[in-house]
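So the chains spell out like this:
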Amino acid sequence: MTEFEAFAVELAREAARVTLPFFRSDIGHVDKGGAAGFDPVTEADKQAEAAIRKLIAARYPDHGIIGEEYGEDRPDAEHVWVLDPIDGTRAFISGLPLWTTLIALRVTGKPTVGVIAQPYLDEIFIGGPSGARLLRGETETPLAVRSCEKLTDAIIGTTDPDIFTGAELGAWTQVRAAARLARLGCDAYAYAMVATGKMDLVAETSLKPWDWSALVPVIEAAGGKVVNWRGDAPDDNGQVLAVGDARLIDQALITLRRAAI
């Protein structure tokens, strides 16, 4: 692994040290959503991001950070770490091992290293310049997407259809109707399954930079592709389409592009 890839793994393991004692414990959560709807945050989220930030500041004090819990610090730096300590907090507080820690390194704005980590399952999916691999304990397994030429053969996913607006929901519904099988509620773990060659497509909307930045290097280093609903590189509009086989992009965008921002 490169220096930054190895450090991203170190950060993921530090986050696991913090989050795992909270998982399936009696420690509660706070709803930060208010009138906008239920949006839970736990003490694990905050403590894990604080621990990651501390390591980054000590190792690379000139690097910037963008994190879900504590905001931005030098977001215009050449190297910027993008952090989501617990993606899938609803799964976390429900005791479901589908939440992940997302860590990305952007270099001049482009995500170049990404980690999707599921500590309870002892899984770290990492992608970057040296390739894509799954780390479990001392074992490393190369990651590779699978061939899927037709949407009608695809296993697809999204976190929850309720995230879509009216036009977006109509577009997603048509994609879902065309696919072989759809799975819901997997949050970022679904993207790891695309990189592993178990799923073929994930479509979501309203994602923040910390939700999607880590996904790009993992999936693309495994041979897949991540775009927005216009077919361009993902951006802050938050609409993301990730595929294992690039031939699925145009088939999905036939409908998704109609609702593109």
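One structure accompanies this document, and this report is about it. In this text, all values refer to a predicted model and were calculated from it rather than measured experimentally.

What follows concerns the overall build of the protein chain. Of regular secondary structure, the protein chain possesses 8 helices and 15 strands. What you see for the protein chain is a C-alpha radius of gyration of 17 Å, in line with the 18 Å of a compact globule of 261 residues. With the C-alpha coordinates of the protein chain rotated into their principal frame, the extents come out at 50 × 45 × 35 Å. Across the 261 residues of the protein chain, 54% fall into the buried class. Carbon and sulfur atoms make up 51% of the accessible area of the protein chain, which amounts to about 11,200 Å² in all.

To continue, consider the side chain of Glu204. Locating Glu204 in the fold gives a position in strand S13 (residues 201-204). No salt bridge is formed by the buried Glu204; the nearest opposite charge belongs to Arg90, separated by 10 Å. A distance of 2.6 Å separates the side chain of Glu204 from the side chain of Tyr191, its partner in a polar contact. In contact with Glu204, other than residues within four places in its own chain, are Thr158, Thr159, Ile163, Phe164, Tyr191, Trp229, Gly238, Gln239 and Val240.

Moving on: the pattern of salt bridges. The final tally for this structure, using the stated rule, is 12 salt bridges. Put simply, Arg180 and Asp153 hold a salt bridge, and the shortest N to O gap is 3.2 Å. Taken together, the residues span a long stretch of sequence, with Arg180 in the loop between helix H4 (166-178) and strand S12 (181-184) and Asp153 in the loop between strand S10 (139-142) and strand S11 (155-158) at a distance of 27 residues. For Arg180, a relative accessible area of 59% translates into the label exposed.

In strand S15 (residues 240-243), alternate side chains face the same way, and those of Val240 and Ala242 on one face and Leu241 and Val243 on the other are all buried. Pairing between S13 and S15: 4 bridges, direction antiparallel. Bridging from a neighbouring strand, Leu201 pairs with Val243 of S15. Bridging between strand S14 (residues 225-227) and S15 involves 3 bridges; their strand directions are antiparallel. Bridge pairing links Val226 to Ala242 in S15.

Attention shifts here to the pairing of S13. Alternating residues of S13 divide into Leu201 and Ala203 and Val202 and Glu204, and every residue in both groups is buried. Here S11 runs beside S13; their pairing, made up of 2 bridges, is parallel. Among the inter-strand pairings, Ile156 is bridged to a residue of S13, identified as Leu201.

Taking 1.5 Å of rise per residue, the 17 residues of helix H1 (residues 3-19) would be expected to cover 24 Å, and the 25 Å separating its terminal C-alpha atoms lies within 8% of that figure. Every buried residue of H1 is accounted for by Glu5, Phe7, Ala8, Val9, Leu11, Ala12, Glu14, Ala15, Ala16, Val18 and Thr19.

Another aspect to go through is the sheet that holds S15. Taking strand neighbours across the sheet as the criterion, the 5 strands line up as S12-S11-S13-S15-S14 in an open arrangement whose pairing is mixed. The open sheet has two free edges, formed respectively by S12 and S14, since each of these has just one partner strand. Across the sheet, the mean angle from the axis of one strand to that of its neighbour is 15°, orientation sign disregarded. On the sheet, helix H5 (residues 189-196) packs against S13 and S15 and is oriented at approximately 150° with respect to S13. Packing of helix H8 (residues 247-256) onto the sheet brings it into contact with S13, S14 and S15, and relative to S15 it is tilted by some 155°.

Take H5 next. Burial within H5 is extensive, with 7 of its 8 residues counted as buried. Every buried residue belonging to H5 is among Tyr189, Ala190, Tyr191, Ala192, Met193, Val194 and Ala195, and all of these are buried. Buried residues along H5 sit in contact with strand S6 (100-107), strand S7 (110-118), strand S8 (123-128), S13, helix H7 (215-221) and S15. At the exit of H5 stands Gly197, carrying a positive phi of roughly 85°.

Basis of the calculations
- Residues numbered from 1 in each chain as written.
- Predicted model: local features only at pLDDT ≥ 70, side-chain atom pairs only at ≥ 80, totals over all residues.
- Heavy atoms only, no water.
- Helix = DSSP H or I, 4+ residues; strand = E, 2+ residues; numbered from the N terminus.
- Rg over C-alpha atoms; globule rule 2.2 N^0.38 Å.
- Buried < 20%, exposed > 50% of the residue type's maximum accessible area, 1.4 Å probe, protein only.
- Areas by Shrake-Rupley, 256 points an atom, 1.4 Å probe, with all protein chains shown as cover.
- Lys, Arg positive; Asp, Glu negative; His and termini not counted.
- Salt bridge = Lys/Arg side-chain N within 4 Å of Asp/Glu carboxyl O.
- Polar contact = N/O pair within 3.5 Å; in protein donor to acceptor, adjacent residues only side chain to side chain.
- Contact = heavy atoms within 4.5 Å.
- Pairing = 2+ DSSP bridges.
- Expected span 1.5 Å × (residues − 1).
- Axes fitted to C-alpha atoms, helices over the stretch in contact; angles between N-to-C directions.

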